[in-house]
Amino acid sequence: MHKSLLFLLLLIPIGAWAQVKITGKVINMTDTKPVPNASVFLNNAQVGNKTADDGTFTLSNVKPGKYDFIISVVGYETYTYSLQAGYTNIDLGTISIIPKTFQLNEVKIRPDPNREKYYAIFRRQFLGSSENAAQCKILNSDVLDFDYDDTTRILKATSHDFMEIENKALGYSIKYKLTNFSFNPSIQLLYYEGISTFEDLKGTEKQKRKWNKQRQWAYLGSPMHFYRSAIKDSLTSENFVVMRLIRKPNPNYKGGPNNKYLQSLVDKPLDRADFFNLTDKEGLFAIGYTDCLYVMYTKKAQDPSNNVFQAFNMPNNATTIISFDEPHAFFDNNGIIATPHAIIYEGDWGISRVAEMLPVDYEPVVEKK
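Computed from a predicted model, the values in this text were never measured in an experiment.

Caption draft 1: Representation of the sheet that holds strand β6 (residues 56-62) within the structure. Strand order in the open sheet formed by 3 strands is β6-β3-β9, and the pairing between neighbours is mixed. Only two strands of the sheet have a single partner each, and these edge strands are β6 and β9 (90-97). Along the sheet, successive strands turn relative to each other by an average axial angle of 20°, direction set aside. Relative to β9, strand β3 (residues 20-28) is paired through 6 bridges, and the arrangement is parallel. For Ile27, the partnering residue across the bridge sits in β9 and is Ser96.

Caption draft 2: Representation of the side chain of Ser323 in the model. Turning to its location among the elements, Ser323 is positioned in strand β21 (residues 317-324). Once you skip the residues sitting within four places of it in the chain, Ser323 turns out to touch Cys292, Ala342, Ile343, Ile344 and Glu346.

Caption draft 3: Local environment of the pattern of salt bridges. With the rule as written, the count across this model stands at 8 salt bridges. One salt bridge connects Glu363 with Arg228, and the closest N-O pair in it is separated by 3.8 Å. One end of the pair, Glu363, is in the loop between β23 (343-347) and β24 (365-367); the other, Arg228, is in helix α3 (residues 223-232), and 135 residues separate them in sequence.

Caption draft 4: Quick look at helix α1 (residues 115-127). The terminal C-alpha atoms of α1 lie 17 Å apart, and with 13 residues this matches the ideal 18 Å at 1.5 Å per residue to within 8%. All of the buried residues in α1 are Tyr118, Tyr119, Phe122, Gln125, Phe126 and Leu127. Along the axis of α1, the buried residues cluster in a sector spanning 165°; they form a single face. Of the residues in α1, the exposed ones pointing more than 90 degrees away from the buried face are Glu116 and Arg124. Buried residues in α1 make contact with β10 (136-138), β11 (144-148), β12 (155-159), β13 (163-167), β14 (172-184) and β15 (189-200). Note on α1: the residue one or two positions beyond its end, Gly128, has a positive phi of about 100°.

Caption draft 5: Structural view of the sheet that holds strand β8 (residues 79-85). Strand order in the open sheet made by the 4 strands is β5-β4-β7-β8, with antiparallel pairing throughout. One side of each edge strand has no neighbouring strand; the edge strands of this open sheet are β5 (48-50) and β8. Each strand axis lies, on average, 20° off the axis of its neighbour in the sheet, ignoring direction. Summarising the sheet, strand β4 (residues 39-42) and strand β7 (residues 65-72) pair through 4 bridges and their orientation is antiparallel. Counted as the bridge partner of Val40 is Ile71 from β7.

Caption draft 6: View of the pairing of β15. Strand direction decides the pairing type here: β14 and β15, joined by 12 bridges, are antiparallel. Bridge pairing in β15 links Tyr172 to Asp200.

Caption draft 7: Region of the structure containing unusual backbone geometry. Of note in this structure, Gln188 is not a glycine but carries a positive phi near 55°. Relative to the helices and strands, Gln188 resides in the loop between β14 and β15. Its relative accessible area of 28% is what places Gln188 among the partly exposed residues. Although it is not a glycine, Asn239 sits at a positive phi angle of roughly 75°. Along the chain, Asn239 falls in the loop between α3 and β16 (240-249). What makes Asn239 partly exposed here is its relative accessible area of 24%.

Caption draft 8: Fine view of the environment of Ser264. Here Ser264 lies in strand β17 (residues 261-266). Distance in space between the C-alpha atoms of Ser264 and Arg244 is 8.6 Å, their sequence separation being 20 residues. With residues up to four places along the chain from it excluded, the contact list for Ser264 reads Arg244, Leu245, Ile246 and Phe312.

Caption draft 9: Focus on the packing of aromatic side chains. Overall, the coordinates contain 23 aromatic pairs when judged by the stated rule. Taken together through their ring pairs, the aromatic side chains of Phe226, Tyr227, Phe240, Phe275, Phe276, Phe285, Tyr297, Phe331, Tyr345 and Trp349 make up a single cluster. Arg215 extends its terminal NZ or CZ atom over the ring of Tyr172, reaching a point 3.9 Å from the ring centre. The positively charged end of Arg247 is found above the aromatic ring belonging to Tyr261, 4.1 Å away from the centroid.

Caption draft 10: Seen up close, α3. The element α3 is extensively covered by neighbouring structure, given that 7 of its 10 residues are classed as buried. Turning to α3, its buried residues number three or more, namely Met224, His225, Phe226, Tyr227, Arg228, Ser229 and Ala230. Positive phi appears at Asp233, one or two residues downstream of α3, with a value of about 55°.

Caption draft 11: Quick peek at the environment of Asn37. Within the element layout of this structure, Asn37 appears in the loop between β3 and β4. Discounting chain neighbours no more than four positions away, the residues touching Asn37 are Lys50, Thr51, Ala52 and Val73.

Caption draft 12: How the structure looks around the environment of His160. Within the fold, His160 resides in the loop between β12 and β13. Classification of His160 as partly exposed rests on a relative accessible area of 48%. Distance in space between the C-alpha atoms of His160 and Asp145 is 7.4 Å, their sequence separation being 15 residues. Contacts of His160, omitting those with residues within four sequence positions, involve Asp142, Val143, Leu144, Asp145 and Lys177. Of note is the side chain of His160, whose polar atom sits 3.0 Å from the side chain of Asp145.

What counts and how
Each chain carries its own residue numbering, running from 1 in the written order of its sequence. In keeping with the predicted nature of the model, local features appear solely for residues at pLDDT of at least 70, side-chain atom pairs appear and are counted solely at 80 or more, and the whole-chain, interface and lining totals rest on all residues. Hydrogens and waters are ignored; side-chain quantities use all the structure's heavy atoms. The pairing criterion for strands is at least two bridges between them, as found by DSSP. Under the scheme used here, helices are H or I runs from DSSP no shorter than 4 residues and strands are E runs no shorter than 2 residues, and both carry numbers assigned from the N terminus. For helices, the fitted line uses only the C-alpha atoms of the stretch in contact; every axis is such a line through C-alpha atoms, and the angle between N-to-C directions lies from 0 to 180 degrees. By definition in these notes, contact holds between two residues if any of their heavy atoms fall within 4.5 Å. Salt bridge, as used here: a side-chain nitrogen of Lys or Arg that lies within 4 Å of a carboxyl oxygen of Asp or Glu. An expected span of 1.5 Å times one less than the residue number is assigned to each helix. Relative accessible area decides the class of each residue, using a 1.4 Å probe on protein chains only: under 20% of the type maximum gives buried, over 50% gives exposed, and in between gives partly exposed. The arc in question is formed by the directions pointing from the helix axis toward the C-beta atoms. Centres within 6.5 Å are what make two rings of Phe, Tyr or Trp a pair, Trp counting through its six-membered ring; a difference in plane orientation under 30 degrees is then read as stacked, over 60 as edge-to-face, and the rest as tilted. We call a charge positioned above a ring when the Lys NZ or Arg CZ atom is no farther than 6 Å from the ring centre and deviates by at most 35 degrees from the ring normal. We call two N or O atoms a polar contact when they sit within 3.5 Å, provided that within protein one can donate a hydrogen and the other can accept it, with sequence-adjacent residues counted only if both atoms are side-chain atoms.

Set out below in structure tokens:
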């Protein structure tokens, strides 16, 4: 899920020791027969499998965290269940899934002369325009359905099956079923969400080393890195600086990204307690602030296209503005926002797309001391 405003040594994995299994059985709700060959996976993660002939399944190597458990198979409604994985195995028991009801109507298929144009817009916004995006391919764009409003110029899209995305920059094969995509070019607002599963691409040892390095680079300074650091109270040691940005609408705004607001930056760093909160739900945390949050990651340079921040005489660091549509946005202990409608990113995180997306169970590498 993503919502953004576009102004636009020895290495060991962390937490590799804490992994569990998830088991269960999938049956047809109507006749209670087993459902074989159903895709069973944790959303946006690298954990997935197929059900056996008797409907049973096992998901192995699950790292602790909050996940959406998904069952997807042709002819049935997609099943979703939120679970919290800890340090013991999980048995989900028998799960009943609902067959889809099909109504056959006469359909006249007419080629859309604008489909290629819509797809070009979609691809740029969904994959991005970074160096990573140049190494990404959607292998089956025919699963996409577009809806364009001539009046508002808003492009919407969904996919009736999983897109198959090959990311040769990070070494992932991604299956992504798009449930909601909306791009409004007038205000440069993008929103998308869906369900996905990741697999490693096959490659040589040299390629794998390169992919691991690129994944680490994509992680550093990312929203996932930021939220995980907030949970651990290690924002400062992990090179994040958070400040208050006061922003008001500019009454003389005539268009363009740089003068929409009257804004001032309070360059005194905030404490974590100023914007971070615990909740009464295990594995769920909250972020919120009355003004905007100005987040700098000091170990990366700012992308040259992010000129929205040049008004402030600040160091040339990768910078993001977080603004809130609701009092709080909630995120889980994997560092993933659970309420994307509540938050908007501008800047570094705002231009990040699927080409930079990591599985939610990704763990960075750290130097062994």
